[in-house]
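One letter stands for each residue in the lines below.
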Amino acid sequence: MTLEPGLYVTATPIGNLKDITFRAVETLKAADLILCEDTRQTAKLCAAYAIKTPRAPYHDHNAGQARPAILDKLQAGATICLVSDAGTPLISDPGYKLVRDVRDAGISVITLPGPSAPMAALSIAGAPTDRFLFAGFPPSKAVARQAFFEALADITATLVFFETAPRLAESLKAMADSLGDRKALMARELTKLHEETREGRLSTLADDLSIKPVKGEIVLIVHPPDQPPAATDEDIDIFLRTALQTMSVKEAATAAAAALGSPRRDVYQRALALKAMP
Ligand code: SAM
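Residues numbered from 1 in each chain as written. Predicted model: local features only at pLDDT ≥ 70, side-chain atom pairs only at ≥ 80, totals over all residues. Heavy atoms only, no water.

1. Some remarks on the nonpolar core
To keep it simple, the criterion reads: The definition of a nonpolar core used throughout is a set of buried Ala, Val, Leu, Ile, Met, Phe, Trp, Tyr and Cys residues joined through side-chain atoms within 4.5 Å. Three exposure classes are used, based on accessible area relative to the maximum for each residue type with a 1.4 Å probe and protein chains only: buried under 20%, partly exposed in between, and exposed over 50%. By the criteria applied, helices consist of DSSP H or I runs no shorter than four residues and strands consist of E runs no shorter than two, each listed in order from the N terminus. Residues count as neighbours in contact if any of their non-hydrogen atoms are within 4.5 Å of one another.
Of all hydrophobic cores here, the largest spans 24 residues; its most connected members are Phe161, Leu168, Leu172, Met175, Leu209, Leu220 and Val222. Those elements giving two or more residues to this core turn out to be strand 7 (158-164), helix 7 (168-179), strand 8 (183-188), helix 8 (202-211) and strand 10 (217-222). Counting residues per element, this core draws most heavily on helix 7, at seven residues. Filtering out sequence-adjacent residues up to four positions away, leucine 172 remains in contact with Leu202, Leu205, Ala206, Leu209 and Leu220. Val9, Ala63, Ala66 and Leu71 belong to the second-largest nonpolar core, a separate cluster that totals 18 residues.

2. Let's talk about the side chain of threonine 27
Mapping threonine 27 onto the fold places it in helix 1 (residues 22-30). When neighbours within four sequence positions are excluded, threonine 27 is seen to be in contact with Met1, Leu3, Tyr8, Cys81 and Leu112.

3. Focus: the pairing of strand 1 (residues 6-10)
A regular strand carries its side chains on alternate faces of the sheet. Note the threshold: In this scheme, strands are said to pair when DSSP sees at least two bridges between them.
Strand 1 sits mainly inside the fold: five of its five residues count as buried. Two elements, strand 1 and strand 4 (residues 79-82), share four bridges in a ladder whose sense is parallel. By the bridge assignment, leucine 7 is partnered in strand 4 with isoleucine 80. With four bridges joining them, strand 1 and strand 5 (residues 109-112) adopt parallel strand pairing. Looking at the pairing, leucine 7 lines up with valine 109 of strand 5.

4. Describing the domain arrangement of the chain
So the rule is basically this: For every domain, the bounds stem from an assignment made automatically or drawn from a database.
Examined at the domain level, the chain breaks down into domain 1 (6-115), domain 2 (118-222) and domain 3 (233-276). Taking only C-alpha atoms into account, the centre of domain 1 sits 61 Å from that of domain 3.

5. Comments concerning helix 8
Applied cut-off: Summarising the geometry, the arc corresponds to the directions from the helix axis toward the C-beta atoms.
For helix 8, the complete set of buried residues consists of Leu202, Leu205, Ala206 and Leu209. Down the axis of helix 8, the buried side of the element spans an arc of 100°, and every buried residue falls inside it. Turning to helix 8, the residues buried within the fold contact helix 7, strand 8, strand 9 (196-201) and strand 10.

6. Comments concerning the pattern of salt bridges
To be explicit about the condition: A pair is scored as a salt bridge if a Lys or Arg side-chain nitrogen falls within 4 Å of a carboxyl oxygen belonging to Asp or Glu.
Across all of its chains, the model carries 13 salt bridges by this definition. Between arginine 67 and aspartate 101 there is a salt bridge, with its nearest N and O atoms 3.2 Å apart. Placement of arginine 67 in helix 3 (residues 63-75) and of aspartate 101 in helix 4 (residues 96-104) is noted, with a sequence separation of 34 residues between them. In this structure arginine 67 comes out as buried when scored by relative accessible area, which is 12%. The closest approach of N and O atoms between glutamate 170 and arginine 145, which form a salt bridge, is 3.1 Å. Of the two residues, glutamate 170 is situated in helix 7 and arginine 145 in helix 6 (residues 142-150); the sequence distance between them amounts to 25 residues. One salt-bridge network, held together by shared partners, links Arg188, Glu196, Arg198, Asp208 and Lys212.

Rendered as structure tokens:
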């Protein structure tokens, strides 16, 4: 297999070693070099698929130093794969500055998509997925964590977090306080032997997990804020009758629509009808 020169950002399994694409295996075999977050971790994957390509470390501690030589190799026409320990590189993993520099140098960056823990959890959570926000790891210190959750409280989207097992119950409790007691799903050790999901309200999960703590790698999915129940015709009439004592039909309809979240046109028609009643 001949590869175009460039940087191949290659997703690898998040647990089960079978979760890798044919294209990723072929590309890892054919590349000149594999840049690894931890070469020992990637060695296991390479052993499983008989990948003999040379490996070199690229992680948070050597990235600044290693980048110039990597760019030189790419400029000279090398094909280089970037992998992280698990899942998709750059997603809370090293690689962002390398990709930025490679792009700035006008060299191709090619994605080899595949597993990613936040996407895997999102796909099984049963939370709305038309709009979601990946927020990564919450801060570990209580004050910073509270500010972090409060800043997310008004976002009407599903929220996706990473969390460590020892901080899980505490974090869920803080979320319940700052975000409201929303529905949530805890996904742990996905695709691995001890794979488990638990769902419930944030406060219930927090209590449950403080009594029965878990180990392993965790993604938390938090549903968007609960929608207020739709106002009934009776709710609208009660609001309008009171409002019409002091307001015009137009003002009463505007106030009712804003307060009850009902369509203004419908509320206006109802206000007109109530006003006309003897
Ligand atoms: N880049 C990776 C990806 O795309 O999945 C994520 C890297 S991030 C540093 C590692 C975090 O992802 C873990 O601490 C955990 O929160 C989550 N994670 C990784 N593997 C997981 C798994 N099998 N099940 C649940 N969460 C996992």
